[in-house]
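# Fold and geometry: a report
The lines below spell out each chain.
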Amino acid sequence: MARPRRQSSKKTRKEDFEGKLEQVVGEYRQAKEVLDTLTEDSVEYSEQKDKCDKLFARAERFISRQP
């Protein structure tokens, strides 16, 4: 009986990267949706904008970190 093949580590790393990227982008999109519902002059808007900026920067760092 033949042994089942193992998945290559390169393919596994790619799938891990895609899953994590999807999570990071999803968090940013959720924060952005909340931001879009707030008025620009409010304190909540500025706090949510800061959160969105941080999530966007996190996504950029995550993407640039990958080879």
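### Concerning the side chain of Gln-48
Among the structural elements, Gln-48 can be located in helix α2 (residues 43-65). In contact with Gln-48, not counting residues within four places along its chain, are Ala-31, Val-34, Leu-35 and Leu-38.

### Overview of helix α1 (residues 9-37)
Compared with the 42 Å implied by 1.5 Å per residue over 29 residues, the 43 Å span of α1 between its first and last C-alpha is a close match. If you check which residues of α1 are buried, you get Val-24, Ala-31 and Leu-35. Check the buried side of α1 and you find it contacts α2.

### Observations regarding the pattern of salt bridges
Evaluation of the coordinates by the stated rule reveals three salt bridges. Salt-bridge contacts for Glu-27 lead to Arg-58; the nearest nitrogen and oxygen are separated by 2.9 Å. With a gap of 31 residues between them, Glu-27 in helix α1 and Arg-58 in helix α2 connect regions that are remote in the sequence. Using a relative accessible area of 26% as the deciding quantity, one classes Glu-27 as partly exposed. Among the ionic pairs, Lys-49 bridges to Asp-53, the shortest N-O distance being 3.7 Å. Separated by four residues within a single helix, Lys-49 and Asp-53 lie in helix α2, roughly one turn from each other.

### Topic: the nonpolar core
Ranked by size, the top nonpolar core spans five residues in total: Ala-31, Leu-35, Tyr-45, Cys-52 and Leu-55. Secondary-structure elements contributing two or more residues to this core are α1 and α2. If near-sequence neighbours (up to four positions away) are discounted, Cys-52 is found in contact with Tyr-28, Ala-31, Lys-32 and Leu-35.

### Let's talk about the packing of α1 against α2
Running from amino to carboxyl end, α1 crosses α2 at an angle of 160 degrees, the nearest separation of the two axes being 9 Å. In this view, α1 runs roughly antiparallel relative to α2, as classed from their interaxial angle. In terms of crossing hand, the pair formed by α1 and α2 is left-handed. Touching Phe-17, Lys-20, Leu-21, Val-24, Glu-27, Tyr-28, Ala-31, Lys-32, Val-34 and Leu-35 of α1 are Tyr-45, Gln-48, Lys-49, Cys-52, Leu-55, Phe-56, Arg-58, Ala-59, Phe-62 and Ile-63, all from α2. Along the lines of polarity and charge, the residues of the contact of α1 with α2 split into 14 nonpolar, one polar and five charged.

What counts as what
- Residues numbered from 1 in each chain as written.
- Predicted model: local features only at pLDDT ≥ 70, side-chain atom pairs only at ≥ 80, totals over all residues.
- Heavy atoms only, no water.
- Helix = DSSP H or I, 4+ residues; strand = E, 2+ residues; numbered from the N terminus.
- Contact = heavy atoms within 4.5 Å.
- Expected span 1.5 Å × (residues − 1).
- Buried < 20%, exposed > 50% of the residue type's maximum accessible area, 1.4 Å probe, protein only.
- Salt bridge = Lys/Arg side-chain N within 4 Å of Asp/Glu carboxyl O.
- Core = buried A, V, L, I, M, F, W, Y, C linked by side-chain atoms within 4.5 Å.
- Axes fitted to C-alpha atoms, helices over the stretch in contact; angles between N-to-C directions.
- Parallel < 35°, antiparallel > 145°, perpendicular 65-115°, else oblique.
- Left-handed = near helix turned anticlockwise from the far one by under 90°.
- Nonpolar A, V, L, I, M, F, W, Y, C, P; charged D, E, K, R; others polar.

Keep in mind that these numbers describe shape and distance, not what the molecule does.
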